[in-house]
Amino acid sequence: MPRNRASASPLFVPRKTTRAQQRAARAEFAEARTKARSAGAPAERREHEGADPELQPTYPAAGRPGAASARGGRLRLPRHRMTTAVAGGAYPFLAEAGLGAEGIFIGRDLHAEGSFCYDPFSLYNSGRVEGFTNPNAILCGVIGMGKSALAKSIATRAIAHGYKIYVPSDPKGEWTGLAEALGGQTIALGPGLPGRLNPLDAPPAPAGVSEGDWRAEVRKRRLLLLASLAGTVLKRDLLPMEHTGLDVALDLVVAGAEASGAVPLLGDIAHALSHPERLDAALGDQGGGLSHAADDLTHALRRLVHGDLSGMFDAPSTVAFDPTAPMLSIDLSRLGSSGDDTALVLAMTCASAWMETALADPAGGRRWVIYDEAWRIMRHLGLLERMQQQWKLSRGLGIANLLILHRLSDLLSAGDAGSRGRVLAEGLLADCSTRIIYRQEPDQVQVSISLLGLTGVEAQAIAALTRGRGLWKVAGLSFIVQHLLHPEEKPLYDTDFRMSA
């Protein structure tokens, strides 16, 4: 077999040559060596010069040859019909379809590029969203990201759908103008204001409840409210003898008020507690004398009537609760500005008790109960216990609770780990099937991950959301929604008007 040999002539280099000639000679030698090596390679190797043979296309550029090429319309497959759920599994990278068109219009779903509507009552009744077990929601976001505007637009648009709005906590007075614009009712409480709220008012009996049963229910509510008010002022739980003193004093005051045709007042309760001989006489042989056991209780209630907390609960109510009004807000902007939340907590306790009758009325319809600036509530155990009851009974009462916070870590301010306050606060979060998260500061992202179980993508999103955009977690579904406002809504929801010139 003849052997291919490379020519050796380029290897001869004259002694006296220039550098350019030397470089050309070396280049010719390298080219000759490459030709010699390729000439000795197997024939099948030479067929695939250039690219790796493993990377060569299986078929030529014209396509697969023969009848199986699927060209020319010869391929025929049977038609197949499937549901959209199955099609969503076949195409998993398509955007979520949203929650449907039924409910309150919120804005635009940024991933699906469609409108986003939300109605917790409709979602619960339809069962479309797996894991949606209650209508409660929590909304949190740093200052200036638009969470207040979202809450107010939900309230305004919910009224158009036939819902009523209760705002038992308005520490900044931001809901007053909105309630008046919508034909609602606002009750302003505070020193120097004409508004009075008698926590011992007896609401009318609901339809279908007998007079005897309703009297017993009213008495129980009054006792619980008095114990809560006294415990808030004393900053401790009441002793057994103090509970007995409240029980006997309430019966004495109610009997006297019914005889004279008046209404029982907190001042009457404090006056009865200041005379233990009357309590002992009414108690009879049922127990030992109260003596001075109710002294602390007497002075606690006296503070509500004659002390620094007077002027709010020491007279008959100047307003009547109207359950037919589209919106009711309790303006507490004149309370708690000194750093002491005692007056604010007392007012919220009375307002909550005042609203409970309307909430328990089966003919009252479906309602939203909105707790604004709820970070101030987290520090008070009595209010957390009342809120827990409303959260647990939300389905039976037909209410959707909305809790508004700045940070999810505000829930942790309710107490130390394992304390009752912390357990109640975390329980409120667990009983919210809807979590709306506006932008969070970087140091709050890890807390949000631990409390909400966010994915890595969701955690990155809440740290970079712009104004008006929020992460909506509705049971197991997640959406990034841009909240949209009508031009006529903006002046009603503006909370920065004092920052303008």
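Presented here is a report on the structure given in the accompanying data block. Keep in mind the model is a prediction, meaning the values are calculated, not measured. (Residues numbered from 1 in each chain as written. Predicted model: local features only at pLDDT ≥ 70, side-chain atom pairs only at ≥ 80, totals over all residues. Heavy atoms only, no water.)

Before going further, it helps to examine the overall build of the chain. Across its full length, the chain carries 18 helices and 11 strands. Of all 501 residues assigned to the chain, the portion counted as buried reaches 43%. Taking the intrachain contacts of the chain between residues at least 6 apart in sequence as the baseline, contacts between residues at least 24 apart amount to 72%. Summed over all atoms, the accessible surface of the chain reaches about 27100 Å², with 54% contributed by carbon and sulfur. (Helix = DSSP H or I, 4+ residues; strand = E, 2+ residues; numbered from the N terminus. Buried < 20%, exposed > 50% of the residue type's maximum accessible area, 1.4 Å probe, protein only. Contact = heavy atoms within 4.5 Å. Areas by Shrake-Rupley, 256 points an atom, 1.4 Å probe, with all protein chains shown as cover.)

On to the pairing of strand S9 (residues 434-437). Where burial is concerned, the two faces of S9 agree: the one with Thr 434 and Ile 436 and the one with Arg 435 and Ile 437 are both buried. In this structure, strand S3 (residues 137-140) lies alongside S9, joined through 4 bridges in parallel fashion. Bridge pairing links Ile 138 to Arg 435 in S9. Relative to strand S10 (residues 469-474), S9 is paired through 4 bridges, and the arrangement is antiparallel. Residue pairing across strands places Ile 437 opposite Leu 471, the latter belonging to S10. (Pairing = 2+ DSSP bridges.)

Glancing now at the packing of aromatic side chains. If you walk through the whole model with that rule in mind, you get 5 aromatic pairs. Pairing Phe 116 with Trp 472 gives two aromatic rings, centres 5.2 Å apart and planes at 65°, and the pair type is edge-to-face. Of this pair, Phe 116 sits in strand S2 (residues 114-118) while Trp 472 sits in strand S10, placing them 356 residues apart in sequence. Judged by its relative accessible area of 1%, Trp 472 falls in the buried class. (Phe/Tyr/Trp six-rings, centres within 6.5 Å; stacked < 30°, edge-to-face > 60°.)

Turning our eyes to something else, we now look at the sheet that holds strand S5 (residues 185-188). If you trace the 11 strands from one edge of the open sheet to the other, you get S2-S1-S11-S10-S9-S3-S8-S7-S4-S6-S5, paired in mixed fashion. For this open sheet the edge positions go to S2 and S5, each flanked by a neighbour on one side alone. This sheet shows a mean twist of 25° between the axes of neighbouring strands, independent of strand direction. Where S5 lies against strand S6 (residues 327-331), 4 bridges are found, and the strand directions are parallel. Bridging across to S6, Thr 186 finds its partner in Ser 329. Lying on the sheet, helix H13 (residues 381-392) is in contact with strand S7 (367-371) and strand S8 (399-405); it crosses S8 at an angle near 135°. (Axes fitted to C-alpha atoms, helices over the stretch in contact; angles between N-to-C directions.)

Glancing now at the packing of helix H7 (residues 211-234) against helix H11 (residues 295-306). One can describe the packing of H7 onto H11 by two numbers: an axis separation of 9 Å at closest approach and a directional angle of 95°. Considering their axes alone, H7 and H11 lie roughly perpendicular with respect to each other. For the pair H7 and H11, the contacting residues are Leu 229, Ala 230, Val 233 and Leu 234 in the first and Asp 296, Leu 297, Ala 300, Leu 301, Arg 303 and Leu 304 in the second. (Parallel < 35°, antiparallel > 145°, perpendicular 65-115°, else oblique.)

This brings us to the environment of Val 369. Within the fold, Val 369 resides in strand S7. On the accessibility criterion, Val 369 (1% relative accessible area) is buried. Not counting residues within four places of it along the chain, the set of residues in contact with Val 369 comprises Tyr 166, Pro 168, Leu 359, Gln 390, Ile 399, Ala 400, Asn 401 and Leu 402.

The subject of this paragraph is empty space enclosed by the protein. Enumeration over the complete set of coordinates arrives at 1 cavity of 30 Å³ or more. Volume-wise, the largest cavity comes out at about 30 Å³. Every residue lining the largest cavity is listed: Met 348, Ser 352, Tyr 371, Leu 383, Arg 386, Met 387 and Gln 390. Sorting the residues of the lining of the largest cavity by element identifies helix H12 (342-360) and H13 as the ones contributing at least two each. No other element matches the 4 residues that H13 contributes to the lining of the largest cavity. Class assignment of the residues belonging to the lining of the largest cavity gives a composition of 4 nonpolar, 2 polar and 1 charged. (1 Å grid on protein atoms, 1.4 Å probe; cavity = no way out; pocket = protein on both sides within 12 Å on 5 of 7 lines; lining within 4 Å. Points joined across faces, edges and corners; volume = space filled by probe spheres on them. Nonpolar A, V, L, I, M, F, W, Y, C, P; charged D, E, K, R; others polar.)

Time to look at the environment of Lys 164. Structurally, Lys 164 can be placed in strand S4 (residues 164-170). For the pair Lys 164 and Val 369, spaced 205 residues apart in sequence, the C-alpha to C-alpha distance is 8.7 Å. With near-sequence residues (within four places) excluded, Lys 164 lies in contact with Pro 323, Thr 324, Ala 325, Pro 326, Gly 364, Arg 366, Arg 367 and Trp 368.

A few words on the layout of surface pockets. Volume-wise, the largest pocket comes out at about 1000 Å³. For the largest pocket, the lining is made up of 32 residues, of which Ser 228, Gly 382, Leu 383, Glu 385 and Arg 386 are closest to its centre. Broken down by element, the residue count for the lining of the largest pocket peaks at 8 residues, all from H7.

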